Each structure stands twice: as C-alpha cells, then as structure tokens.
Amino acid sequence: MGLGDMETPNSSAGGQPDTCFGAFNASGGHNNTQNSIASPWFSTAFGLIGLCSNLFALCVLLSSSRKLSSRTRSSFLVFLCGLVITDFTGLLVTASVIVPYHFIKFTWAKVDPSCHLCNFLGFSMIFFGQCPLLLGATMAGERFFGINHPFSRSTSISKRRAWSIVGLVWGFSCLLGLLPVLGLGRYTLQYPGSWCFLTLLPDTGNVIFCLLFALLGIFSVLLSFIFNTVSVVTLCRVYHDRESVQRRRDSEVEMMVQLVGIMVIATICWLPLLIFIVQTVLQQLPASGQTQMLLPETQKMLLIYIRMVTWNQILDPWVYILFRRAVLQRIYPSLRPRPSIVSLYP
C-alpha cells in the first residue's frame, strides 16, 4: 500500500460512473477541508521515512543472514526479507505515481483516459496490501509447526523452499489484484484524487471483490493471532520448565518477539480499514444498483484508514531492527545465547 493523500485533480470526472473516474466528485465541495485532511506533505515525508527504514532493515537482514549457521533462523530471515522487500517496493511504486502527480498536477482524465494508470495503481495497492498480511500468517504458521511439532519434519525449511513460499504468496496476491482487470469489480480514483483503490459501490462485482479482499485480510490477521498465541504459550512453558531451564530457546524467543510485533502492528493498522470495507459494502446492499458515487464522509474515512495502513509499512522494518537479540541483550543482559531445545534431544 502507499501514499494516498495528495491534492484533488484539476478536472471533474464525476459524471463517468462506468470508468475509473466516477467514485467521487472532484468538484463536490472537498476543497474547504482539503488542507486539513489531504495534506500532500504527509505522504511525502512518511513515504521517505518508510523507504529509508525498509532499506536500512534490508541491509541489516542481508548482513545477518550471511553470519547465520542456523537453518531455522535462516528460513525465518528469508520471510522477513520478503516482507521488507514487499513494503519497500510498495512504497516505491505508489510514490512513483503520486509524487509526480503532486508536482506536475496532471489531469487524470486527460493523461489516463483508458484508466491504465489507475488500474496499475489500484493493483499495486491491493497487491502490496495483501502480501504483508499473508506473509505474516505464513511466518506465524511456520513458527507454529517449528515450535509445537519440532520432530514432525527431519529438517527445517531450506532457504530455497522459503523463497518458494514467498513467491507463492506474491503470486496469489498478484492474482487477487488482477481480478478487477479481468472483470470482477473495478479500480476507481479515490478522494482527494491522487490514488486508485477498490470501489465501495453496491454493484455485484465490486461487492464480491471488496468482501474477498477484506475477509481474506481479516482471516490472515486472525490466523496469525491464533498461531502466535499458541507458539508463545508453548515457549513460556518450555522456558519456565525446571528440567529445561538450560534449554532456553533464545533464538525462538527472538523470532516470536518479532512475529508478535509484526502481528500487533498489522492488527492496529489494517483491521480498521478491513472492517470499514465490509461494513460499507454490506450497508449499501439494499441500495444496490442505485448508488453511483461514494458519500463524502465515506471518502474521507477511507482516506484516514489508508493513512493508518501506510504506518504498517513504516513500522514493520523497525520491528526487526529494534527487536534483535543484539539489542535485546543490552536491555535484558541475562538473554545469553543458548542451544535450541531441539539440539539437546538425542
């Protein structure tokens, strides 16, 4: 996802409900509140912060992966790398469209009359939005089986297999983002006119696509919560077991701290938007086929929730940067490297 809050386009296309320019009226009285709600500097400043944060985290991850001999930890770093790459690329792609719009102030209807650019930006918002949620659930599932069933597989996931799983997540998210291009729903220009997203209008295609995107995201968050909760409980039991006091799995604890941090951030940043999408499309169902334009309040709330989602991409890399063992040991010196509990069994 990215930076959906620049200025209103310099032309109105509110009378084109069958194109990507019909979801809101660009000249419909938003100018009075534009300065307070849709400040372009919010996107620019936080976009740069997010790009620098993810780039720094990626460098730290690559440096750490070269020093590791633990196969379990290496596969986990692959998933983290996939998450950081996704967040960084998402910010870069969305900014490459929105920032030029801010400085050039082009007319969307003239520059993109066939809606190709809008479809690309909408696809990017869905793809780079769904990927982190699915990757979070995948990482939680991998750690769940690794911690609760350590002997159910002879070896840990290799780097190649971990990258294959990341590729599958990217491929699935790509297919999801292509659905409007293939005819299920459509991407439309959103208030204040600088970004495109799924359409919260009550026709059948849009309702199905909105519910598919939102419910899949909610399911991913809930799945992460269940997996992480069980894994944390298991680690707590092992950590405080008298017979296993010397078998503390510090590496597993470090990974779970990072996973819980990623889950908490995703929950806070994403659930409001996902629930808002479900509520909006379901409330509009009785008026199916009649509503051709989003209400101003709906447009503004969607913008606010998208801003919250942007924080997910900014905060994700700092979870790994701040919650590494090297940092945690300075806060909690007794967290010393010890062998994994798996290696202590015959």
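Note that the structure is a prediction, hence the values are computed from the model and not measured. (Residues numbered from 1 in each chain as written. Predicted model: local features only at pLDDT ≥ 70, side-chain atom pairs only at ≥ 80, totals over all residues. Heavy atoms only, no water.)

Asks: An account of the pattern of salt bridges is needed here, citing residue identities and associated values.
Replies: Counted by the stated rule, this structure contains one salt bridge. Across the pair Glu 142 and Arg 143 runs a salt bridge, and its minimum N-O distance is 3.0 Å. Arg 143 matches Glu 142 in its accessibility class, with the two residues each being buried. (Salt bridge = Lys/Arg side-chain N within 4 Å of Asp/Glu carboxyl O. Buried < 20%, exposed > 50% of the residue type's maximum accessible area, 1.4 Å probe, protein only.)

Asks: Give a detailed account of unusual backbone geometry, specifying residues and quantitative values.
Replies: The residue Cys 115 is not glycine, and still its phi comes out positive at about 65°. Looking at where Cys 115 falls in the secondary structure, it is placed in the loop between helix 4 (108-111) and helix 5 (116-148). (Helix = DSSP H or I, 4+ residues; strand = E, 2+ residues; numbered from the N terminus.)

Asks: Describe empty space enclosed by the protein, naming the residues involved and giving the relevant values.
Replies: Within this structure, the stated rule accounts for three cavities of 30 Å³ or more. If you add up the space inside the largest cavity, you get close to 110 Å³. What lines the largest cavity is a set of 16 residues, among which Gly 136, Ser 224, Ile 262, Met 263 and Ala 266 lie closest to the centre. Of all the secondary-structure elements, those providing two or more residues to the lining of the largest cavity are helix 5, helix 7 (204-239), helix 8 (250-283) and helix 9 (296-322). With five residues, the top contributor of residues to the lining of the largest cavity is helix 8. (1 Å grid on protein atoms, 1.4 Å probe; cavity = no way out; pocket = protein on both sides within 12 Å on 5 of 7 lines; lining within 4 Å. Points joined across faces, edges and corners; volume = space filled by probe spheres on them.)

Asks: Outline helix 5, supporting the account with residue identities and numerical values.
Replies: Helix length check: helix 5, at 33 residues, gives a terminal C-alpha distance of 47 Å against a target of 48 Å (1.5 Å per residue), a fit within 8%. Taken across its 33 residues, helix 5 has 26 buried, putting it largely inside the fold. (Expected span 1.5 Å × (residues − 1).)

Asks: Any chance you could break down the UniProt feature "transmembrane region" (unreviewed entry) in the chain for me, citing the residues and the numbers?
Replies: As annotated in UniProt, the feature "transmembrane region" (unreviewed entry) corresponds to residues 41-64, 76-101, 121-141, 162-185, 205-238, 259-282 and 302-323 in the numbering used here. Secondary structure content for residues 302-323 is 95% helix and 0% strand, and the end C-alpha separation is 32 Å. (UniProt positions renumbered as here; feature names shortened; annotations may be inferred.)

Asks: With reference to specific residues and values, describe the packing of helix 5 against helix 6 (residues 159-182).
Replies: At a minimum axis distance of 8 Å, the contact between helix 5 and helix 6 shows a crossing angle of 145°. Every pair of crossing elements has a handedness; the one defined by helix 5 and helix 6 is right-handed. Here Phe 123, Ile 126, Phe 127, Gln 130, Cys 131, Leu 134, Leu 135 and Thr 138 of helix 5 come into contact with helix 6, specifically with Ile 165, Val 166, Val 169, Trp 170, Phe 172, Ser 173, Cys 174, Leu 176, Gly 177 and Leu 178. Here the residues of the contact of helix 5 with helix 6 sort into 14 nonpolar, four polar and no charged. (Axes fitted to C-alpha atoms, helices over the stretch in contact; angles between N-to-C directions. Left-handed = near helix turned anticlockwise from the far one by under 90°. Contact = heavy atoms within 4.5 Å. Nonpolar A, V, L, I, M, F, W, Y, C, P; charged D, E, K, R; others polar.)

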